[in-house]
Amino acid sequence: MSEPKGYNLIKLSDFDETDSRLSMPLYKRKKYVIIMARVHPGESNGSFMMQGLIKFLCGDSHSAKELRKRIVFKIIPMSNPDGVIAGNYRTCMCGHDLNRRYHEPDFRLHPTVVAIKQLTNELVFPKNADSEDVLLLVDMHGHSRKKNTFVYGPEVPLHHEKYYKIRIIPRLIADETSKFRYFSCKFRHERSKLKAARIVMWKQFNISNCYTYESSMHGFFDENNQNYEFDCSSYEEMGEHLVNGIYEYLMIIEEDERRRRLKDLEKRKKKKLKQQLEMKAALAVKEAKEKAEQSNVESPIKRTDTIRRKLTAQISTTREKSANVLNTENDQTKAKRVKKKNTNSKNGTSLAVNQVTEPDYPNGQDPENNPNEPPCSSRITSASPGLLP
Ligand SMILES: [Zn+2]
């Protein structure tokens, strides 16, 4: 706990950083909760509720321990000490209702309001407008007409994303105790209360859960409509129930955050896996292309070599054959010519006539030169005697 300058402020949290970090896997730093009371000096039940809240938070209960690990409570037990000292019921020393001065507080006339707004400003900014670092702001009051305990909260339209969110804590407290009546809660911005803390802080600092925590100055009725009076311990209990409500709300939003992060993690994993698969597929396609290109380059060469070798062999074979044939023909022709020359020289016939009239004989052999055949004149005589003159 520490006591800052200007006004009484209690800073309540677990400041063992090692333990806090181990128990806070979701958030890098703690959130803040601002709780204040006695802006209206006559509503002393606010002080009892505050006392019960501080006692419970400093205790050994599970919810108190977990909250201290996760949250820094900025507690202002008396936001109008001058009015309390003066014995005023509703105003400060200068006669102003401080809960109607939050829109434009004067440093000299409303110093505690200025200090509270500065504190909130330091916690919220320079973070962006959607910052959720300040989880909750509660201003404790006493109500002189209505029974039970209830809250007044911010007004948002039904389709607004925070419509249900701002109703969670009141609903949780109502589930815990019949002293708190959910159906007495109001979520409206009445014209007469536009300058009150809960509306101004909600508008200026965008704190979603800005409540006036009202507790009856008289008593409460339970589920059976039995009336009971509030005493000091009952008011202190209402402070404890508020802490339990905050704890359960924190567990809900942590679970929500955990699910959101898991979804993001799954999305990132899927995206990474998809990228890896795409890279593998691209690599496989590239390798296949390279293999295809290599096979396409090698095969024509091999094919061309084979064809070239075959053609060379064929050409050489054909050349050899044609050379042999030519040699044979030349020898035969030479032999024929020599024989014809010899015959013509014997018969007195000119070589020119024989060359012109030389017929083609089968098997390349002239029957005239066949020594087994008879001479032409004798063949004609014996074969056709009637044709002779
Ligand atoms: Zn009040």
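Residues numbered from 1 in each chain as written. Predicted model: local features only at pLDDT ≥ 70, side-chain atom pairs only at ≥ 80, totals over all residues.

Side note on the overall build of the protein chain
And step 1. If you tally the helices and strands in the protein chain, you get ten helices and eight strands.
And step 2. When burial is assessed residue by residue, the protein chain has 28% of its 389 residues classed as buried. (Helix = DSSP H or I, 4+ residues; strand = E, 2+ residues; numbered from the N terminus. Buried ≥ 20, exposed ≤ 12 C-beta atoms within 10 Å, placed from the backbone.)

Some details on the nonpolar core
Across soluble globular proteins, you tend to see nonpolar side chains buried next to one another.
And step 1. Core analysis: the largest hydrophobic core is formed by 64 residues, its most contacted members being Val33, Leu53, Leu57, Val243 and Ile246.
And step 2. If one sorts the elements of this core by residue count, helix α8 (residues 232-347) sits on top with eight residues. (Core = buried A, V, L, I, M, F, W, Y, C linked by C-beta atoms within 7 Å.)

Looking at unusual backbone geometry
And step 1. Not every positive phi belongs to a glycine, and Asn206 is a case in point at roughly 55°.
And step 2. Counting through the fold element by element, Asn206 comes out in the loop between α7 (197-205) and β6 (209-216).
And step 3. Even without being a glycine, Asn225 presents a positive backbone phi close to 60°.
And step 4. Position of Asn225 among the secondary structure elements: in the loop between β7 (219-221) and β8 (227-229).
And step 5. Note on Asn225: 6 C-beta atoms within 10 Å, which makes it exposed.

Details of the sheet that holds strand β2 (residues 31-37)
And step 1. Read across the sheet, six strands follow the order β1-β3-β2-β4-β6-β5 without closing on themselves; strand pairing throughout is mixed. Across the chains shown, the open sheet's two edge strands, defined by having one partner strand only, are β1 (10-12) and β5 (149-152). Neighbouring strand axes in the sheet, compared pairwise and without regard to direction, differ in orientation by 20° on average.
And step 2. For β2 and strand β3 (residues 71-76), the ladder comprises six bridges, and the chain directions are parallel. When the bridges of β3 are listed, Met36 appears paired with Ile76. (Pairing = 2+ DSSP bridges. Axes fitted to C-alpha atoms, helices over the stretch in contact; angles between N-to-C directions.)

With respect to the pairing of strand β4 (residues 134-143)
And step 1. For β4, the tally of buried residues reaches nine of ten residues, placing the bulk of the element in the interior.
And step 2. The pairing of β2 with β4 spans six bridges and is parallel. The partner of Val33 across the bridge, within β4, is Leu136.
And step 3. Inspection of the sheet shows β4 paired to β6 by eight bridges, in the parallel sense. Paired with His141 across the strands is Glu214, a residue of β6.

Section: the environment of Phe73
And step 1. Following the sequence through the fold, Phe73 ends up in strand β3.
And step 2. When near neighbours in sequence (up to four residues on either side) are disregarded, Phe73 contacts Leu12, Ser13, Val33, Ile35 and Leu57. (Contact = placed C-beta atoms within 7 Å.)

Remarks on the pairing of β6
And step 1. Counted residue by residue, β6 has eight buried out of eight residues, so it is predominantly covered.
And step 2. Burial of β6 is two-sided: the residues Asn209, Tyr211, Tyr213 and Ser215 facing one way and the residues Cys210, Thr212, Glu214 and Ser216 facing the other way are all buried.
And step 3. The sheet contact formed by β5 and β6 spans four bridges and is antiparallel. Note on β6: the bridge partner recorded for Val151 is Tyr213.

Examining the confidence of the model for the protein chain
And step 1. Mean pLDDT over the protein chain works out to 82, with 80% of the residues at or above the 70 mark.
And step 2. Note that residues 1-5 has pLDDT below 50 and, in this model, seven contacts with residues that lie over four places away or in other chains.
And step 3. Predicted confidence is poor over residues 349-354, with pLDDT under 50, and the contacts of this stretch with residues over four places away or in other chains come to six contacts. (pLDDT = per-residue confidence, 0-100.)

Re the environment of Pro111
And step 1. Mapped onto the elements, Pro111 comes out in helix α5 (residues 111-124).
And step 2. Judged by the 16 C-beta atoms lying within 10 Å of it, Pro111 is partly exposed.
And step 3. On a C-alpha basis, the gap between Pro111 and Leu98 in space is 9.8 Å, while along the polypeptide they are 13 residues apart.

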